[in-house]
Amino acid sequence: MEAGHELAGRYRLQQRLGHGGMGEVWRALDLTLDRPVAVKTLLANRGDDRWHQALARFRREAKAVARLNHPRVAAIHDLAEHHDPPFLVLELLAGPDLAAHLRAHPGGLSIDTVLEYGAQTAEGLAAAHAAGVIHRDIKPHNLMLDGSGTVKVCDFGIARLDDATAGLTLDGQLPGTRAYMAPEQLSGKPVTRAADVYALGATLFHLLTGRLLFPDGLYAAVFQDPPPPSSLRSAIPKALDAYLLTLLAKDPSARPPTHTIPARLRALAHQIRPELLLDDTMRVRTTARNDIPGGPMSRMPLHFIWLLDCSHSMSLNGKITAVNYAVRETIATMRWHANDNPGKALMVRALTFNSGARWHIEEPWDIHQMAWRDVDAYGDRDMGAAFRLAARALHIPPMPQWAWQVVLALVSDGQPTDDWRSGLRELDASPWGRHAARVAVAVGADADRSVLKEFLADDELQPLDTFAPEQLARSIRWEKSARKRAQPDHDARISNPLPSPPSADDGEDVW
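Counting restarts for each chain: residues are numbered from 1 in the order of the written sequence. Where local features are concerned, this predicted model is filtered to residues with pLDDT of at least 70; where side-chain atom pairs are given and counted, the filter is 80 or more; whole-chain, interface and lining totals use all residues. Calculation of side-chain values draws on the structure's entire complement of heavy atoms; hydrogens and water are dropped beforehand.

*Asks:* Describe the packing of helix H10 (residues 383–393) against helix H11 (residues 420–429), naming the residues involved and giving the relevant values.
*Replies:* Only the stretch in contact is used when a helix axis is fitted, and all axes are lines through C-alpha atoms; the angle between N-to-C directions ranges over 0 to 180 degrees. Helix numbers and strand numbers start at the N terminus; a helix is a DSSP run of H or I with at least 4 residues, a strand a run of E with at least 2. At a minimum axis separation of 7 Å, H10 and H11 run at an interaxial angle of 15 degrees. When the axis of H10 is compared with that of H11, the two are roughly parallel. Handedness of the crossing formed by H10 with H11: left-handed. Touching Met-383, Gly-384, Phe-387, Arg-388, Ala-390, Ala-391 and Arg-392 of H10 are Trp-420, Ser-422, Gly-423, Leu-424, Glu-426 and Leu-427, all from H11. Residues of the contact of H10 with H11, tallied by class, amount to 7 nonpolar, 3 polar and 3 charged. What sets the label is the angle itself: under 35 degrees gives roughly parallel, over 145 gives roughly antiparallel, 65 to 115 gives roughly perpendicular, and the rest give oblique. The crossing is said to be left-handed when, going from far helix to near helix, the turn is anticlockwise and less than a right angle, and right-handed when the turn is clockwise. Contacts are residue-level and defined by heavy atoms, with any inter-residue pair within 4.5 Å sufficient. Residues are grouped as follows: Ala, Val, Leu, Ile, Met, Phe, Trp, Tyr, Cys and Pro are nonpolar; Asp, Glu, Lys and Arg are charged; all remaining types, including Gly, are polar.

*Asks:* Got a sec to walk through the pattern of salt bridges? Specific residues and values, please.
*Replies:* Any carboxyl oxygen of Asp or Glu within 4 Å of a side-chain nitrogen of Lys or Arg constitutes a salt bridge here. This structure, assessed with the given rule, holds 19 salt bridges. Asp-30 is the partner of Arg-10 in a salt bridge, and the nearest nitrogen-oxygen pair spans 2.9 Å. Of this pair, Arg-10 sits in the loop between strand E1 (6–7) and strand E2 (11–19) while Asp-30 sits in strand E3 (residues 23–30), placing them 20 residues apart in sequence. Partly exposed residues are those whose accessible area sits between 20% and 50% of the maximum for their type, while under 20% is buried and over 50% is exposed, using a 1.4 Å probe and protein chains only. Its relative accessible area of 25% is what places Arg-10 among the partly exposed residues. Taking the shortest distance from any N to any O, the salt bridge between Glu-184 and Arg-255 comes out at 2.8 Å. Of this pair, Glu-184 sits in helix H4 (residues 183–186) while Arg-255 sits in the loop between helix H7 (238–247) and helix H8 (261–272), placing them 71 residues apart in sequence. The class for Glu-184 is buried, based on a relative accessible area of 7%.

*Asks:* Describe the pairing of strand E15 (residues 437–442), listing the residues and the values that go with them.
*Replies:* In terms of residue burial, E15 counts as a mostly covered element, since 6 of its 6 residues are buried. Side chains Ala-437, Val-439 and Val-441 project from E15 onto one buried face, and the interleaved Arg-438, Ala-440 and Ala-442 project onto a second face that is buried too. A pair of strands is considered paired only if DSSP assigns at least 2 bridges between the two. The sheet contact formed by strand E14 (residues 407–412) and E15 spans 6 bridges and is parallel. In the strand pairing of E15, Leu-410 is matched with Ala-440. Across 2 bridges, E15 lies against strand E16 (residues 464–465) in parallel orientation. Looking at E16, one finds that Ala-442 is bridged to Asp-465. Handedness of the crossover is the feature at issue here: the chain leaves E15, passes through helix H13 (residues 449–456), returns alongside E16, and the resulting connection is right-handed. Think of it like this: strands point away, you trace from the first strand over the helix to the second, and a clockwise trace means the crossover is right-handed.

*Asks:* I'd love a proper account of unusual backbone geometry, names of residues and values included.
*Replies:* The phi torsion at Ala-8 lies on the positive side, around 55 degrees, for a residue other than glycine. Looking at the secondary structure, you find Ala-8 in the loop between E1 and E2. The phi angle at Gln-415 is positive, at roughly 60 degrees, despite the residue not being glycine. Tracing the backbone through its elements, the reader meets Gln-415 in the loop between E14 and H11.

*Asks:* So what's going on with the environment of Leu-245? Residues and values would help.
*Replies:* Mapped onto the fold, Leu-245 is located in helix H7. For Leu-245, a relative accessible area of 30% puts it in the partly exposed group. Counting along the chain gives 44 residues from Leu-245 to Gly-201, while the straight-line C-alpha distance between them is 7.7 Å. Excluding anything up to four places from it in sequence, Leu-245 contacts Pro-226, Pro-227 and Pro-228.

*Asks:* A description of the sheet that holds E14 should follow, citing residues and the corresponding values.
*Replies:* Within the open sheet, the 6 strands sit side by side as E13-E12-E11-E14-E15-E16. Their pairing is mixed. One side of each edge strand has no neighbouring strand; the edge strands of this open sheet are strand E13 (357–366) and E16.

*Asks:* Describe in detail the packing of H7 against H8, supporting the description with residues and values.
*Replies:* Contact pair H7 / H8: the axes reach a minimum separation of 10 Å and the direction vectors enclose 165 degrees. It follows that H7 is roughly antiparallel to H8 by the angle criterion. As for the relative orientation of H7 and H8, their crossing is left-handed in sense. Only Ile-261, Arg-264, Leu-265, Leu-268 and Gln-271 of H8 make contact with H7, whose side of the interface consists of Ala-239, Leu-240, Tyr-243 and Leu-247. Across the contact of H7 with H8, the residue classes tally to 7 nonpolar, 1 polar and 1 charged.

*Asks:* Please give an account of the environment of Tyr-11 that cites residues and values.
*Replies:* Take Tyr-11: it is sitting in strand E2. When the C-alpha positions of Tyr-11 and Asp-30 are compared, they lie 4.8 Å apart, and in sequence the two are 19 residues distant. Those residues in contact with Tyr-11 that sit more than four places away from it in its chain are His-5, Glu-6, Leu-29, Asp-30, Val-37, Val-39, Asp-78, Phe-87 and Val-89. The term polar contact refers here to a pair of N or O atoms within 3.5 Å; inside protein, the definition further demands a hydrogen-donor-capable atom paired with an acceptor-capable atom, and it admits residues adjacent in sequence only when both atoms are side-chain atoms. At a separation of 3.5 Å, a polar atom in the side chain of Tyr-11 contacts the side chain of Arg-10. At a separation of 3.0 Å, a polar atom in the side chain of Tyr-11 contacts the side chain of Asp-78.

*Asks:* How would you summarise the packing of aromatic side chains if you had to cite specific residues and measurements?
*Replies:* Within 6.5 Å between ring centres, the rings of Phe, Tyr and Trp (the latter by its six-membered ring) count as paired, and their orientation is classed by plane angle as stacked under 30 degrees, edge-to-face over 60, tilted in between. In this structure the tally under the stated criterion is 3 aromatic pairs. Residues Phe-387 and Phe-455 carry aromatic rings whose centres are separated by 5.6 Å and whose planes lie at 5 degrees to one another, so their mutual orientation is stacked. Pair noted here: Phe-387 is in helix H10 and Phe-455 is in helix H13, with a separation of 68 residues, a long-range link. Each member of the pair, Phe-387 together with Phe-455, is buried. To sit over a ring, a charge needs its Lys NZ or Arg CZ within 6 Å of the ring centre and within 35 degrees of the ring normal. The ring centre of Tyr-243 lies 5.6 Å from the NZ or CZ of Arg-264, which sits over that ring. It is Arg-438 that lies over the ring of Phe-455; its NZ or CZ is 5.3 Å from the centre.

Structure below.
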């Protein structure tokens, strides 16, 4: 299979996303509906017994997901089992999966984030269980983030359907992934919905600690009690320890029903949230009103957010390629500046806008740890949606009470197609958005710079050139991040104003 090949005269393959012994996964374009999709192909030899088993998995996945219509489950669009090769057409998700996300945070993700991911996964599982579907292979690899940072449950290829006459076996082996299997599943006993609950618990344990629940193998998983996650990460509260161990109970009947899990995980998050800010592995903590910079907190976050135009026009004349190059080069330069400012934790996020807006990188990443994943261009130029999405992230919470001034970098060729000014007003109304340092990058000679100038809200500032990464990095140097506003400030009308900023070591605004 290669890029440009069309399946069934409808799905044009664009980029291979992954491959294994039995097939490949491609990003493709649905030519009929003009939308991006994921295509999973089966490429093994038809005479191979494994081919028939893989085809059975295709059918199983299609039937299982077709029963579901839930925002926490990746949707299926089509199955062509009589085509050569057979293929599935699935919802295209921006990713990454949680396994890849965890590799970037080897000590474990932030506790707050893990609890929300767990709640969203449980919502998807509850919908599946209500439809008579047991997943049987919940693990970080099968939990994918979409463009808005929402978790979606994927890969129902070995799911058990309540009304199926027989289970699915693969080469005489237990279906599933042993590191996350429930004891009864490992022992070959009947699998119920409680097995998915156990796998969710094992997944949360891995995401919290960076370590598999039972790395020593099968015997320990079946016969030994699971360790409390706080034994590997002391910041984990005892209440979370206790609840996670109920998910991991050896007796399936002792595990909580799936539909009760989301509310319980979110209640735990609400209970412990005042103790946490971003990722406690990065030593960035929340502060009380009397815990100001220079006190107990050693590093304060400086949030940088890319707002990237990924609409169809950016696919012309190499614009999107230039944007990806510029972002990668700018990140490298940012690291250099961060090394000169050890008292600040530079945290980077990115969102894209094309036929709506979505997070490309939702959780703030330390500049020294992040790796850029290229963006693609398609769809409309919904700039206002990007401003509204950014505004929702710039309230307190989820933003901390104390941090350095946020930097917003808009990269676009202008000419938005939606009501972008209403989105800009919403961004200006958010406490952090109103005071953010803003940088605009004009892409292409035909860029509408007047739109970018309105975003800047400063007659003295001009959009930058996307082909000058060093210039962009220098324009957001922290000691020069305070921006002037063309219109009067509106702090007097804020019902809950931010505290007066303490003095900064280089004249920056600190909230």
